[in-house]
Structures are given as C-alpha cells and as structure tokens.
Amino acid sequence: MRYGVIGTGAIGGFYGARLARAGQEVHFLLHRDYDYVREHGLTVRSWQGDFHLAEPHIYKDTREMPQCDVVLVCLKTNNNPLLRELLPPLLHEHTLVVLIQNGVGVEADVQKMFPSTYLAAGLAFICSAKTEPGVVNHQFYGSINIGNYSCQEPLLVDQLIMELREADIEVNLVDYETARWRKAVWNMPYNGMTVALHCQTKDLMTQPDSRRLIYEQMLEICRATEALGVEGVDERFAQKMMQMTDDMVPYSPSMRLDWDFHRPMEIEYLYTRPLQIAREAGCPMPRLEMLEAQLRFMEARHQGAE
C-alpha cells in the first residue's frame, strides 16, 4: 500500500521509516527539518539496530503529495485543527487514517471533520524522541496496537497489520475503547507527573511516595473504565504497566519534552476529556484532576512568561 505520514517526529518518523525500509512506498510531510532531510536523509538510531533512509519521499505541503491508502497522523493533538487542510489532498474513497496520537476522544472529533473517512486508532508503546534534525532516537519498546474506529473494510485493516509486521513492528488488532483507555493508564500518570515533578520515569519509580501515587492514579483509571463498561483495563493491567516502566530506560515522555522545549502540552485529550467522561459516568478521578489543575497552572504561567 501507499503510505503518508503527517508529523514526521519521534513516532511518525520511526514507524514510517520502518515501513519504507521494508519496501513500502512512504511519503513524509516535514516542517522544520525538511532541508536537512533533503540533504542528509532520515536516520533512526534504535536499540534494535540503526538504519538510514538516504532519499525518502519528503514534502513541505500535502498538496504536493499523492493520494495514499493509509495515512499515519502523528501530529500533537493541539495541531488537529490543521487536519482540515492537511488531510484532503491525501484521501481517496477508501483511505484509512490512523491517528497515532495521545488521549481519549481524538477519533470522535476528527470524524466530525471528515464524516465519511475511515479512522483507526494507533496506540504506540514506544520510547522514542526526536530532538535534532533528521534523527529519530528509538530508545525502547516499539509495538503498536490498532483499534478500528470506523473502517468499513476489515481487509484494509488486516493488510495494514500484515505490512507493519513485515516491517518488523510488533502489532495487534485490539478493541478500540479498550485500547484508548489502556494507553491512558500509562499516559495520564507519567506524562503529567514528569512535568509537575521535573523528572524522568525512572525517578518516579524509584521513590516510594511517587511510585505509590502513580499506581493510585492508574487505579483511578481502572475504576472509571469499569463504570464505563470498558473491559480489559483492570488492576492486573495496571501492575503490568508498572513492571513495564520498571524495565524501561530512564525516559522523558512526550509531554515532558513539550514542556522542556516550550511547546504547548496536550492537556485537552490526555486529561480534560477523559476526566470529563469519567465524571459523567459517576466515577471521578480526583488525583488526576489535581494533576490536570497543576498542568493547567504551569501552562498558563509558562505562556504568560513568554
């Protein structure tokens, strides 16, 4: 299939480059480092082995890109209003748009923009960063779960999964609601806490008080999903996420990097929307509501200082 990548950063750069290395036709939208990648190519430094794309298909404008069978949207959710202009040149009648983004409620809002477009969620479990032009640093993990949101052609999703596997990417087809909330079990505690406490994941796990707080936040999400009728997000899964993080290298999640590089944080879909859904289900998450309030305060103060 022909792939398009909107947002060639730590996530889009990694998965898109893996697909291109495996022989798929992949077209990358770039912004800040377009000129660098045009001259030097795209490099992935990975714990599974480094590789380099010498001449990737790169563009500054989606109007110059071909229509694609699959579009991987890897933008920060703060930039999703841009999709109204970015996506249409890439779409044909059966294009599958995979939103590899953080948070809960993302697909519902994008579907309102594009009512007839096939959407799926891409839930990446990966430690990856892009802090210099043209270089993706893949530090640990790398799997992705695909949750079908509105695609009416199951064979299209099946082919995507097959081609991801052929690119040496661990991938599973999962229930959409379960996948989004499972990702929230990790994202909501670690993203915000690393910002609020100005630390990395390993620091949170080695201090008993912060470790306990992380686990209590995870259990809040598990109780909320039970109230919502979402299966597979329970205490055993929370324990698995704790163990996974124990095994990770010291890591700064995406929100911590956004804070460090003075970029807007993804508070709306990572916190505000799921907290609202939980309250409406009669199961508020007070620890995470407090964390959201801290992040909102820090964001407002940060913007006021600029």
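1. Side note on the environment of I161
Following the sequence through the fold, I161 ends up in helix α5 (residues 154–166). As a C-alpha pair, I161 and V171 span 10 residues in sequence and 6.5 Å in three-dimensional space. Leave out the neighbours within four places in its chain, and I161 touches I146, V171 and L173.

2. Here's the deal with the packing of helix α8 (residues 208–228) against helix α9 (residues 235–247)
Running from N to C, α8 and α9 point in directions that differ by 145°, and their axes come no closer than 9 Å. Considering the relative orientation of α8 and α9, their crossing is right-handed. Every residue of α9 that contacts α8 at R211, I214, Y215, M218, L219 and C222 is listed here: E235, A238, Q239, M241, M242 and D246. Residue classes in the contact of α8 with α9 are distributed as eight nonpolar, one polar and three charged.

3. Things to note about the packing of aromatic side chains
Evaluated as defined, the whole model comprises five aromatic pairs. Pairing F14 with Y15 gives two aromatic rings, centres 5.0 Å apart and planes at 75°, and the pair type is edge-to-face. Overall, the relative accessible area of 1% leaves Y15 in the buried class. The ring centre of F51 lies 4.3 Å from the NZ or CZ of R21, which sits over that ring. The ring centre of F125 lies 5.6 Å from the NZ or CZ of K183, which sits over that ring.

Conventions used here
Residues numbered from 1 in each chain as written. Predicted model: local features only at pLDDT ≥ 70, side-chain atom pairs only at ≥ 80, totals over all residues. Heavy atoms only, no water. Helix = DSSP H or I, 4+ residues; strand = E, 2+ residues; numbered from the N terminus. Contact = heavy atoms within 4.5 Å. Axes fitted to C-alpha atoms, helices over the stretch in contact; angles between N-to-C directions. Left-handed = near helix turned anticlockwise from the far one by under 90°. Nonpolar A, V, L, I, M, F, W, Y, C, P; charged D, E, K, R; others polar. Phe/Tyr/Trp six-rings, centres within 6.5 Å; stacked < 30°, edge-to-face > 60°. Buried < 20%, exposed > 50% of the residue type's maximum accessible area, 1.4 Å probe, protein only. Lys NZ or Arg CZ within 6 Å of the ring centre and 35° of its normal.

That is the geometry; function is a separate question.
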